[in-house]
2 protein chains.
Amino acid sequence: MTTPSFISIPSDSDFSIHNLPYGVFRPSPGAPPRVGVAIGDFVLDCSVLVEAGLLVVEEVQAAQPFRKPSLNAFMSLGRPVWQAVRQQLQELLAAETATLRDNEPVREAALHRLDQVEMLLPATIGDYTDFYSSREHATNVGTMFRGKDNALQPNWLHLPVGYHGRASSVVVSGIDIRRPCGQTKPGDDPPQYGPSRLLDIELEMGFFVGPGNRLGEPIPVADAEEHIFGLVLVNDWSARDIQKWEYVPLGPFLGKNFATTVSPWVVTLEALAPFRVPGPTQEPAPLPYLQHPHPGAFDIQLEVGLQTPEMDAPHPICRSNFKHLYWSMAQQLAHHTVSGCNMRSGDLLASGTISGPTEDSYGSLLELTWRGSKPIVLPTGETRTFLQDGDTVVMKGYAQGDGYRVGFGEARGRILPAPC
Amino acid sequence: MTTPSFISIPSDSDFSIHNLPYGVFRPSPGAPPRVGVAIGDFVLDCSVLVEAGLLVVEEVQAAQPFRKPSLNAFMSLGRPVWQAVRQQLQELLAAETATLRDNEPVREAALHRLDQVEMLLPATIGDYTDFYSSREHATNVGTMFRGKDNALQPNWLHLPVGYHGRASSVVVSGIDIRRPCGQTKPGDDPPQYGPSRLLDIELEMGFFVGPGNRLGEPIPVADAEEHIFGLVLVNDWSARDIQKWEYVPLGPFLGKNFATTVSPWVVTLEALAPFRVPGPTQEPAPLPYLQHPHPGAFDIQLEVGLQTPEMDAPHPICRSNFKHLYWSMAQQLAHHTVSGCNMRSGDLLASGTISGPTEDSYGSLLELTWRGSKPIVLPTGETRTFLQDGDTVVMKGYAQGDGYRVGFGEARGRILPAPC
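What counts and how
- Residues numbered from 1 in each chain as written.
- Chains lettered and ligands numbered in written order.
- Predicted model: local features only at pLDDT ≥ 70, side-chain atom pairs only at ≥ 80, totals over all residues.
- Heavy atoms only, no water.
- Helix = DSSP H or I, 4+ residues; strand = E, 2+ residues; numbered from the N terminus.
- Rg over C-alpha atoms; globule rule 2.2 N^0.38 Å.
- Contact = heavy atoms within 4.5 Å.
- Lys, Arg positive; Asp, Glu negative; His and termini not counted.
- Charge placed at Lys NZ, Arg CZ, Asp CG, Glu CD.
- Pairing = 2+ DSSP bridges.
- Least-squares fit on C-alpha atoms with pLDDT ≥ 70 in both.
- Axes fitted to C-alpha atoms, helices over the stretch in contact; angles between N-to-C directions.
- Buried area = accessible area lost by both parts, 1.4 Å probe.
- Salt bridge = Lys/Arg side-chain N within 4 Å of Asp/Glu carboxyl O.
- Polar contact = N/O pair within 3.5 Å; in protein donor to acceptor, adjacent residues only side chain to side chain.
- Nonpolar A, V, L, I, M, F, W, Y, C, P; charged D, E, K, R; others polar.
- Buried < 20%, exposed > 50% of the residue type's maximum accessible area, 1.4 Å probe, protein only.
- pLDDT = per-residue confidence, 0-100.
- Disulfide = S-S within 2.5 Å.

A.B. asks: For this particular structure, what's the right way to read the overall build of chain A?
C.D. replies: Assigned secondary structure in chain A consists of 11 helices and 26 strands. Relative to the compact-globule value of 22 Å for 420 residues, chain A shows a C-alpha radius of gyration of 21 Å, a close match. Principal axes of the C-alpha set define a box for chain A whose edges measure 70 × 55 × 35 Å. Looking at chain A alone, contacts between residues at least 24 apart form 72% of all its contacts between residues at least 6 apart. A distance of 4 Å separates the average location of the 32 positive side-chain charges in chain A from that of its 46 negative side-chain charges.

A.B. asks: Would you mind going over the sheet that holds strand E26 (residues 405-416) of chain B with me for this structure?
C.D. replies: Residues and elements named next belong to chain B. The strand order across the open sheet formed by five strands is E9-E26-E25-E20-E21, and the pairing between neighbours is mixed. Each edge of the sheet is formed by a strand with only one pairing partner; in this case those strands are strand E9 (177-178) and strand E21 (315-321). Where strand E25 (residues 392-400) and E26 come together, eight bridges link them in antiparallel fashion. Across the sheet, the residue bridging to Gln-400 is Arg-405, located in E26.

A.B. asks: What is the right way to read the relation of the copies chain B and chain A from this model?
C.D. replies: The pair of chain copies shares a relation made of a rotation about an axis and a shift along it. Between chain B and chain A, which share one sequence, the superposing operator has a rotation angle of 180 degrees and an axial displacement of 0.0 Å; the RMSD is 0.0 Å. Those values place the two copies in the arrangement expected of a two-fold rotation axis. Relative to the rotation axis, the C-alpha of B:Gly251 is the closest in chain B, positioned 2.1 Å from it. Of all interface residues in chain B, 100% are interface residues in chain A too; the two copies therefore contact each other through one and the same surface.

A.B. asks: I would appreciate a short explanation of the sheet that holds strand E5 (residues 118-120) of chain A in the present structure.
C.D. replies: The pairing of strands in a sheet happens through backbone hydrogen bonds and is either parallel or antiparallel. All names here are of chain A. Spatially, five strands are ordered E4-E3-E2-E1-E5 in an open sheet, and the strand pairing comes out antiparallel. The sheet is open, and its two edges are formed by strand E4 (111-113) and E5, each paired on a single side. The mean angle between the axes of side-by-side strands here comes to 45 degrees, regardless of whether they run parallel or antiparallel. As defined by bridge partners, strand E1 (residues 22-26) adjoins E5 across three bridges and the pair is classed as antiparallel. Across the sheet, the residue bridging to Val-24 is Leu-120, located in E5. Strands E1, strand E2 (34-39) and strand E3 (42-45) of the sheet are contacted by helix H4 (residues 79-93), whose axis makes an angle of about 70 degrees with E1.

A.B. asks: Could you clarify how one ought to interpret the environment of A:Ser169 in this entry?
C.D. replies: As for its position among the elements, A:Ser169 is in the loop between strand E7 (162-164) and strand E8 (170-172). C-alpha separation for the pair A:Ser169 and A:Glu303, spaced 134 residues apart in sequence, amounts to 23 Å. Setting aside chain neighbours within four positions, we find A:Ser169 in contact with A:Asn257, A:Phe258, A:Ala259, A:Thr260, B:Leu215 and B:Asn342.

A.B. asks: How do you make sense of the interface of chain B and chain A when you look at a structure like this?
C.D. replies: The extent of an interface is frequently quoted as the accessible surface area lost upon association of the parts. Between chain B and chain A, the contact holds 56 residues from the first and 56 residues from the second. Note on chain B versus chain A: buried area summed over both sides is about 5,200 Å², and carbon and sulfur give 63% of it. A salt bridge links A:Arg166 to B:Asp347; its shortest N-O distance comes to 2.8 Å. Inspection of the region where chain B meets chain A yields 27 residue pairs in polar contact (both at pLDDT 80 or more). The set of elements that each furnish at least two residues to the side of chain B that touches chain A consists of strand E6 (128-131), strand E7 (162-164), strand E10 (181-184), strand E11 (192-195), helix H8 (240-246) and helix H10 (329-337) of chain B. Residue classes in the side of chain B that touches chain A are distributed as 30 nonpolar, 20 polar and six charged.

A.B. asks: I keep staring at unusual backbone geometry and nothing clicks. Help me out?
C.D. replies: Among all residues save glycine, negative phi is the norm, and among peptide bonds the norm is trans. Residues and elements named next belong to chain B. Across the junction of Val-248 and Pro-249, the peptide omega takes the value 0 degrees, indicating a cis bond. The linkage connecting Glu-283 with the following residue, Pro-284, adopts the cis geometry, with an omega of 5 degrees. With respect to the element layout, Pro-284 can be found in the loop between strand E18 (276-277) and strand E19 (297-298). At Trp-370, a position not held by glycine, the phi torsion is positive, near 45 degrees. Within the element layout of this structure, Trp-370 appears in the loop between helix H11 (365-368) and strand E23 (376-377). Residue class for Trp-370 comes out partly exposed when judged on its relative accessible area of 27%. With a phi angle near 65 degrees, Arg-371 is a residue other than glycine that sits in the positive phi range. Position of Arg-371 among the secondary structure elements: in the loop between H11 and E23.

A.B. asks: For this particular structure, what's the right way to read the side chain of A:Asn257?
C.D. replies: Inspection of the secondary structure assignment puts A:Asn257 in the loop between helix H8 (240-246) and strand E16 (260-262). Given the relative accessible area of 1%, A:Asn257 is considered buried. Those residues within four positions of A:Asn257 in sequence are excluded, and the remaining contacts are A:Arg166, A:Ser169, B:His164, B:His336, B:Ser339 and B:Cys341.

A.B. asks: It is not clear to me how the pairing of strand E26 (residues 405-416) of chain A should be interpreted in this structure. Could you clarify?
C.D. replies: On a regular strand, each side chain points to the face opposite its neighbour's, so the side chains alternate between the two faces of the sheet. Residues and elements named next belong to chain A. Bridge count between strand E9 (residues 177-178) and E26: two bridges; the pairing is parallel. Counted as the bridge partner of Arg-178 is Leu-416 from E26. Between strand E25 (residues 392-400) and the antiparallel strand that follows it, E26, lie four residues; Gly-403 among them carries a positive phi value of about 90 degrees.

A.B. asks: I'm lost on the pairing of strand E10 (residues 181-184) of chain A in this one. Help?
C.D. replies: Residues and elements named next belong to chain A. Residues Cys-181 and Gln-183 of E10 are buried on one face, and the alternating residues Gly-182 and Thr-184, pointing to the opposite face, are buried as well. One ladder, built from four bridges, connects E10 with strand E11 (residues 192-195); its direction is antiparallel. Note on E11: the bridge partner recorded for Thr-184 is Gln-192.

A.B. asks: What's the story with the side chain of B:Ser364 in this structure? I'm lost.
C.D. replies: All names here are of chain B. Looking at the element boundaries, Ser-364 is found in the loop between strand E22 (348-350) and H11. Judged by its relative accessible area of 0%, Ser-364 falls in the buried class. Residues contacting Ser-364, with those up to four places away along its chain left out, are His-137, Asp-200, Ile-201, Arg-240 and Thr-353.

A.B. asks: Sorry, what's going on with the pattern of salt bridges here?
C.D. replies: As a working rule, side chains carrying opposite charge can pair if their charged atoms are close by. Applying the stated criterion to the full structure yields 46 salt bridges over all chains. The salt bridge involving A:Asp236 is made with A:Lys256; its shortest N-O contact spans 3.0 Å. Linking A:Asp236 in the loop between strand E14 (228-235) and strand E15 (238-239) with A:Lys256 in the loop between H8 and E16, this pair joins segments that are 20 residues apart in sequence. With respect to class, A:Asp236 is no different from A:Lys256; both count as buried. For the salt bridge of B:Asp45 with B:Arg34, the shortest nitrogen-to-oxygen distance reads 2.7 Å.

A.B. asks: Where do I start with the confidence of the model for chain A in this structure?
C.D. replies: Regions with low pLDDT should not have their predicted coordinates read in detail. On average, residues of chain A score 97 in pLDDT, and 100% of them are at 70 or above. Model confidence for the complex: the whole-complex pTM is 0.98, and ipTM, which rates the interface, is 0.97.

A.B. asks: Would you explain the state of the cysteines in this entry?
C.D. replies: The bond known as a disulfide is covalent and runs between the sulfur atoms of two cysteines. Residues and elements named next belong to chain A. Summed over the entire model, instances satisfying the criterion amount to two disulfides over all chains. A disulfide bridge connects Cys-181 with Cys-420, and the sulfur atoms are separated by 2.1 Å. The S-S bond linking Cys-181 to Cys-420 shows a torsion near -110 degrees; that makes this disulfide left-handed. Separated by 239 residues along the polypeptide, Cys-181 in strand E10 and Cys-420 in the segment after E26 bring together distant segments of the chain. Among the residues examined, Cys-181 registers a relative accessible area of 1% and is labelled buried. Looking at Cys-420, the relative accessible area reads 39%, which means it is partly exposed.

Structure (structure tokens):
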């Protein structure tokens, strides 16, 4: 069942009236950034609606979060404000509401075609954390490197393993990715310097923190979702050869910090509510500080496409689903702050590679090609184990409603040659 | 040889006229933050000097970096501007210069007693990175956990191992530190939740990035020091029991992210220039991208004091030196960006624990007490293996000149009970 809007929205559009994801955009080159929501093939400038008096929420009047170059201010306002804004936007966009529909000057000023605006990074990310929450992914990688019997590390089923990533190099979809240079150690050869030869993707999703917490005051798992604003697609580009040589004992560093791509539209938890499903059974039961009664997973279909310079469109190489994740976002956030670690609005927490149970659902080339032993054959006859210069990777995702979608748009990046 | 100032400065003061470290302070509670330099027992408000026309540098007039709540703007201006400002400040403070000395209104407005101002975090830290650059520390820890023969991991002598830390929880000296809660696994028992019982320190120093680099454009090692603004003391508080259970395979996370303390005064590379010394011989020779011709170490004496609630003053438990570090700051920065990772002004890169060759120079309780097997005996007769609630840790450091010091003040923190 879908509520019609006066804006025509195809049923397979990511941006139905049930979605209304937030993003930061420039309507024209050099124009000041502002906050909008995606609707069909358009972006609706929220700042224009506020100025025209069509969108009236007290906290929004006070903070003016839509005339900002990031969503951080809006994220900090909390769920009651997010809900009030969402409700008014849905009313304004409804087919039967004349307020915006018949106000041509405001409609003209507020609506821009999506393909004519420049999308920016949605938030100023204070800290970026990456988890490792797919059991299938951890098992696959563990099997490759330690054998099947020792695939999962002893801590993995007891806590959501994660690490701190690099915030400065998180970029928005569409930014080209330069192949990293670095130090590797192939086999028994001495360490060498040069371009990474095992450039990979990781299919992930991430959530942005809404209101934060004070240092020393953990967020209880039962409250965690009140601190989650919304989700994006994340491609955690990975240089496997650099990572392999550097990561003992302190974890991934240069193998990951050269770039992380996120989709520009932040889909809110409100929009995703109809798609909540139980996650995998957790056995052994987590410690009480990680237990929440409500289902913590979301049914979001994910796809990775790969396009070489010889191809006209991306070819799907992976289909997975966000619901496969073992650890929920609420558990990740509760665990992250149990030490007293403070979150700030706009912090990004990513899931780790989302691999499913079948071989075509693995979220990295490392797994899809099983360390390069099973090359992917593309429609052009070309094969790939890892990425080559000029390759483009496109990640997409959506939740399927009854005749409508709540989708994420895409996280896209093309590989440029290394500078070394 | 020391240049006298019209401000009386004891020879053992950290803040000689040769130092002039930068910090951010409030002259009175609630007053807007501004940038000053420490001189003797005073802080000199640079913003007042600019307004009064006593400090005249074109880029400073344009950017007004001293009327800011952080040093980031000043850090971004680069070495020629830093040098011009330093030179003018040294002239203004010299005994024979009447300009400031005899201008009572400006002098009164610009000079505040250090013990009457509130010091703030010196920079807005976009990303915080922690290295692991002391060979002695890595060897000690490796010996404890893997035995003497496998102490250093295979990569350690080839690259400066590091990882991404948590920027949000970096706090300035004086902020109390709450003992973290978390998950630990003592021996063969099942995992449990509770306060960390093995709360430790790490004696480190860190440097702040000046001008950054663009994503995809590494900073060559020969240029690296042009991107280094100055140094602070760093206490990388560590919960060893949390760290031990969580850190495989992605590195330290909650065991570190509950707090990191830095000293408020940033000592510039200019001030430290006379104390440059060759670092340890690097054998095997690093790859060319990590080689620099100039000596990359600095002779900075470091001390850690521990004060229990029963004591009147901190008791020294460690004396070490920054010059022991195997990997230089220039090497750390070149390595960090070799992947194309972008630095932003104000990013913090810490050294890792600075342990020296002797047992009294180890920079952590883990090493000083050898995993708790050799408790430290304090003058009160109390003993410590790891920190107890109410304990205060004070880190200090200075370079000793001929009759003057270039010092860092202190990085101080007191342990509060856990919230669980």
